[in-house]
Amino acid sequence: MLKAFFARLKQGYKTGTFPTKTGPNLPPDFRGRPQLDDDMTGDDIAKMKKVCPVPRALSYDFEGAKLDMGYCTFCGRCAEVCEKMHFTKEYRLGVFKREDLVVKSTDHDYEPPVQTDPQALALKHTFQLREVSAGGCAGCELDANVLGTLAWDMGRFGIRFVASPRHADAIYLTGPISKNMQLALDKTYAAAPEPKFLIAAGACAITGGLYKHGHLPATPALYIPGCPPHPATTLEALLRFTGHAAGK
Ligand code: SF4
Ligand code: SF4
């Protein structure tokens, strides 16, 4: 017993300081929210589309150039061929409306959306998620799983993955919804009690990304873009969704 006690004392407190005391410790090559220069033209978009694995992510219309994070894999190829495209270190990418995933060349200041839905705010201290991996590559699933580990410990905020949809406040969807997973997803969503939310995490879940998209059982209440979303992005989005202040 004493041995275990001293071993624990020696190990110390291992959980990271994000987001309670510091911002996230992001890798140097982290690509966050894209930024499109004001003077980006249709030709620039056409040039980037040629190297983009998901050309639907890029568009140009009367409002100017646009990048839809719902499709984007954040591979960075576009920025390699166009000096007017940049990836910032802004990791707070979670949004509550599909249209807010579209970044425009006319956007200048960005602040993540603030939650106002009382049903989501009621989950501030306990938020139970049932994960459904609907044909994902395991990238999104692994980076969601890491949030339950000692280093991230999202349980300290009352957020947990649960085994049964009957215990879930939200279905946490990853993957493009392959044909074989469509029925399982629909049944799992149906089995969760009201009020319930659908969270689409990763480009696959939001739009299909690189793949064909299945049918979402409901309109997501939270979109977390990325391929996969960084754990800091996911944790910050889940906290903000339930009414915590935006991360640093
Ligand atoms: S970062 Fe996004 S928009 Fe740019 S090339 Fe990759 S997928 Fe396309
Ligand atoms: S979004 Fe990317 S990481 Fe996530 S399941 Fe799809 S391919 Fe894998």
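Parameters and conventions
Residues numbered from 1 in each chain as written. Chains lettered and ligands numbered in written order. Predicted model: local features only at pLDDT ≥ 70, side-chain atom pairs only at ≥ 80, totals over all residues. Heavy atoms only, no water. Near = heavy atom within 4 Å. Helix = DSSP H or I, 4+ residues; strand = E, 2+ residues; numbered from the N terminus. Nonpolar A, V, L, I, M, F, W, Y, C, P; charged D, E, K, R; others polar. Pairing = 2+ DSSP bridges. Buried < 20%, exposed > 50% of the residue type's maximum accessible area, 1.4 Å probe, protein only. Lys, Arg positive; Asp, Glu negative; His and termini not counted. Salt bridge = Lys/Arg side-chain N within 4 Å of Asp/Glu carboxyl O. Contact = heavy atoms within 4.5 Å. Axes fitted to C-alpha atoms, helices over the stretch in contact; angles between N-to-C directions.

A. Fine view of the site of ligand 2. Around ligand 2 lies a shell formed by Gly-136, Cys-137, Gly-139, Cys-140, Ala-203, Cys-204, Gly-226, Cys-227 and Pro-228. Contributing elements (two or more residues each) for the shell around ligand 2: helix H5 (139-145) and helix H7 (203-207). Residues of the shell around ligand 2, tallied by class, amount to six nonpolar, three polar and no charged.

B. Seen up close, the pairing of strand E2 (residues 58-61). Where E2 lies against strand E3 (residues 64-68), four bridges are found, and the strand directions are antiparallel. Opposite Leu-58, over in E3, you have Leu-67 as the bridge partner. Between E2 and E3, which follow one another and run antiparallel, lie two residues.

C. View of the site of ligand 1. Around ligand 1 sit Cys-52, Pro-53, Leu-58, Leu-67, Cys-72, Thr-73, Phe-74, Cys-75, Gly-76, Arg-77, Cys-78 and Phe-87, and that is every residue in its neighbourhood. Class assignment of the residues belonging to the shell around ligand 1 gives a composition of nine nonpolar, two polar and one charged.

D. How the structure looks around the side chain of Asp-169. Its place among the elements puts Asp-169 in the loop between strand E7 (159-161) and strand E8 (170-174). Despite its burial, Asp-169 remains without a salt bridge, the nearest opposite charge being carried by Arg-160 at 8.4 Å. Other than its neighbours up to four places away in sequence, Asp-169 contacts Leu-123, Thr-126, Phe-127, Gln-128, Pro-195, Lys-196 and Phe-197.

E. Quick peek at helix H6 (residues 179-191). For H6, the set of buried residues is Gln-182, Leu-185, Thr-188, Tyr-189 and Ala-191. In the core, the buried residues of H6 are packed alongside strand E6 (127-133), E8 and strand E9 (197-201).

F. Highlighting the sheet that holds strand E5 (residues 102-104). With respect to topology, three strands assemble into an open sheet ordered E2-E3-E5, the strand pairing being antiparallel. In this open sheet, the two strands that pair with only one neighbour each are E2 and E5. Across the sheet, the mean angle from the axis of one strand to that of its neighbour is 30°, orientation sign disregarded. With three bridges joining them, E3 and E5 adopt antiparallel strand pairing. Residue pairing in the sheet places Lys-66 in a bridge with Lys-104 of E5.

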